[in-house]
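# Residue-level structure breakdown
Next come the chains, spelled out residue by residue.
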Amino acid sequence: MEQTKILLDENEMPKKWYNILPDMPTPLAPPLDPATNEPLTPEALAPLFPMELIKQEVSSERYIDIPKEVLEIYKLWRPAPLYRAHRLEKMLDTPAKIYYKYEGVSPAGSHKPNTSVAQVYYNMKEGTERITTETGAGQWGSALSLSCNYFDIECKVYMVRSSFEQKPYRKSLINLWGANVVPSPSPDTEFGRHMLEKYPDTTGSLGIAIGEAVEDAVKHDNTKYALGSVLNHVMLHQTVIGIEAQKQLDKVEDYPDIVIGCCGGGSNLAGISLPYMRDKIEGTHDPRIIAVEPSACPTLCDGKFEYDYGDMAKLTPLLKMYSLGYDFIPPAIHAGGLRYHGCSPIISQLTADNLMEATCYHQVEVFEAGVMFARSEGIPPAPESTHAIKCAIDEALKCKQTGEEKTILFCLSGHGHFDMYSYDKYFSGQLSND
């Protein structure tokens, strides 16, 4: 019998994060100060982030040690399993081999704690008493509240209003770990009150929620801000996913021809792909790396590669990234974690350099793929992950047509146990094609 679960022992867990910055063919454009449009200094970021994270944001070290305290918490779910999707392969009648790295085994049910634990640890070391953040689908809010609980730091979460209403049990989970969560836009900030007055029926956006969280942080001396995606240090922390996947595929003497991840801000895509991107840049292998977006928010597919704000209040630094515009408010699709107007500068630059490609799908077809996956592999995938699943299925069906025995790897970034409302909408025929 062929192996289904490929596992690592705890002593095989990565002890270092991989930093792609020194290996990138095109260096990243510097972030700009929103007040002056000049390159941002580390001191200008100090009101928002602890200094160690600011250093990681620009580090030229290829590998950065994971602190012992972070590793101890990682052990609650890491190393995460790699699965061979035998039943999905059989359902598709494809010669392709499909593997998925399953990040839904974390306590918060997604890949997000890989960075939230690290970010809260560095905040704790610098004496931060309170952290604010935004969340779309609630995965990041859940992960940050979990981490703040472990390090005894107060947490305030601004949750995009459409997800706040669609995903009530994400709110419950955030509260369970001791954090306060409010729908965004909220009456708790000046920017939130302005948006409610201007757009009283708005479904919200990550750009609005980020603006509220940043405003809250800068107005309180004991408070910092944490971001769950986009920034370089977040991409760095997520590379434990791809490093583990490489070790696991080595155990079965395989290597992916195609690496796939859903993409909103870019964190789980970076996590699964950047260790493979290093191989691609060095020329030792040449995998296709595919970012998959919702057609309702096709940042890499249709956005412009230029400097833009990360939030609608224009409080964040200007980043050079693919963007649909800081004031873009996407439809209230059910993949709430993929509704950000911009994308990681690292992912954006690699896409601009044609080292990574992007595609997009409507939400009805990705839910079809999610149902197929659940009925074959048994795991209900988060709506975000169904985008990667849809792409993996399409690539496997191409192999069926050509007879090629390609190896496909994708990141199942989280489970859908808190997203069954979305599946109910799908089964009742109430989901639109964006």
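Computed from a prediction, not measured in an experiment: that's the story for all the values here.

## Some details on the side chain of Arg78
Its location among the elements puts Arg78 in the loop between α3 (68–74) and β4 (82–84). At 2.8 Å, the side chain of Arg78 and the side chain of Glu244 are in polar contact. When neighbours within four sequence positions are excluded, Arg78 is seen to be in contact with Glu10, Met13, Lys101, Glu103, Asn114, Val240, Ile241 and Glu244.

## Some remarks on the UniProt feature "modified residue: N6-(pyridoxal phosphate)lysine" (unreviewed entry) in the protein chain
In this numbering, the UniProt entry assigns the feature "modified residue: N6-(pyridoxal phosphate)lysine" (unreviewed entry) to Lys112. Relative to the helices and strands, Lys112 is located in the loop between β5 (97–102) and α5 (113–125). With sequence-adjacent residues up to four places away left out, Lys112 is seen in contact with Gln139, Trp140, Ala143, Gly228, Ser229, Gln238 and Ser267.

## Side note on the side chain of Thr239
Looking at the secondary structure, you find Thr239 in the loop between α11 (232–238) and α12 (240–251). Reaching out from Thr239, the side chain makes a polar contact with the backbone oxygen of Leu236 at a distance of 2.7 Å. What Thr239 contacts, discounting residues up to four positions off in sequence, is Trp17, Tyr18, Ala270, Gly271, Leu274 and Pro275.

## Comments concerning the sheet that holds strand β7 (residues 154–160)
Ordered by their spatial adjacency, four strands build an open sheet running β8-β7-β6-β9, and the pairing between neighbours is parallel. In this open sheet, the two edge strands, each paired with only one partner strand, are β8 (180–184) and β9 (223–225). When the angles between neighbouring strand axes are averaged without regard to direction, this sheet yields 25°. As paired elements, strand β6 (residues 130–135) and β7 share six bridges and run parallel to each other. The partner of Arg130 across the bridge, within β7, is Glu154. Contacting β6, β7, β8 and β9, helix α10 (residues 206–218) runs over the sheet at an angle of about 170° to β6.

## Let's talk about the nonpolar core
If you look at the biggest cluster of nonpolar residues, it comprises 54 residues, and the most contacted ones within it are Tyr225, Leu274 and Leu350. Residues within four places of Tyr225 in sequence aside, it is in contact with Leu48, Phe49, Ile131, Thr132, Thr133, Glu134, Ile210, Ala213, Val214 and Ala217. Membership of the second largest hydrophobic core comes to 36 residues, among which are Val120, Tyr122, Val157 and Met159.

## What to know about the layout of surface pockets
By volume, the largest pocket is sized at about 520 Å³. Along its surface, the largest pocket is lined by 31 residues, and Pro31, Glu57, Leu231, Asn232 and Leu319 are the ones closest to its centre. Those elements that provide at least two residues to the lining of the largest pocket are α2 (51–57), α11 and β13 (318–323). No other element matches the three residues that α2 contributes to the lining of the largest pocket. Here the lining of the largest pocket is built from residues that sort into 23 nonpolar, six polar and two charged.

## Considerations on the environment of Thr132
By the element assignment, Thr132 lies in strand β6. Using a relative accessible area of 0% as the deciding quantity, one classes Thr132 as buried. Taking C-alpha positions, Thr132 is 10.0 Å from Ser145, a pair spaced 13 residues apart along the chain. With residues near it in sequence (within four places) discarded, Thr132 still touches Lys156, Ala213, Asp216, Ala217, Thr223, Lys224, Tyr225 and Ala226. Of note is the side chain of Thr132, whose polar atom sits 2.8 Å from the backbone oxygen of Ala213.

## Things to note about empty space enclosed by the protein
Enumeration over the complete set of coordinates arrives at two cavities of 30 Å³ or more. A volume near 330 Å³ is recorded for the largest cavity. Taken together, 27 residues line the largest cavity, and the ones lying closest to its centre are Lys112, Leu206, Ser229, Gly265 and Gly337. Mapped onto the lining of the largest cavity, the elements with two or more residues apiece are β6, α6 (139–151), α10 and α13 (267–282). Split by residue class, the lining of the largest cavity holds 10 nonpolar, 14 polar and three charged. Considered as a void within the structure, the second largest cavity measures approximately 30 Å³ in volume.

## Examining the sheet that holds strand β11 (residues 288–294)
If you trace the seven strands from one edge of the open sheet to the other, you get β1-β4-β5-β15-β10-β11-β14, paired in mixed fashion. Of all strands in the sheet, those with a lone pairing partner are β1 (5–6) and β14 (357–361), marking the two edges. α12 rests against β1, β4, β5 and β15 (407–412) of the sheet, and its axis sits at about 140° to β5. Seen against the sheet, helix α16 (residues 363–377) touches β4, β5, β14 and β15 and runs at an angle of roughly 95° to β14.

The rules behind the values
Residues numbered from 1 in each chain as written. Predicted model: local features only at pLDDT ≥ 70, side-chain atom pairs only at ≥ 80, totals over all residues. Heavy atoms only, no water. Helix = DSSP H or I, 4+ residues; strand = E, 2+ residues; numbered from the N terminus. Polar contact = N/O pair within 3.5 Å; in protein donor to acceptor, adjacent residues only side chain to side chain. Contact = heavy atoms within 4.5 Å. UniProt positions renumbered as here; feature names shortened; annotations may be inferred. Pairing = 2+ DSSP bridges. Axes fitted to C-alpha atoms, helices over the stretch in contact; angles between N-to-C directions. Core = buried A, V, L, I, M, F, W, Y, C linked by side-chain atoms within 4.5 Å. Buried < 20%, exposed > 50% of the residue type's maximum accessible area, 1.4 Å probe, protein only. 1 Å grid on protein atoms, 1.4 Å probe; cavity = no way out; pocket = protein on both sides within 12 Å on 5 of 7 lines; lining within 4 Å. Points joined across faces, edges and corners; volume = space filled by probe spheres on them. Nonpolar A, V, L, I, M, F, W, Y, C, P; charged D, E, K, R; others polar.

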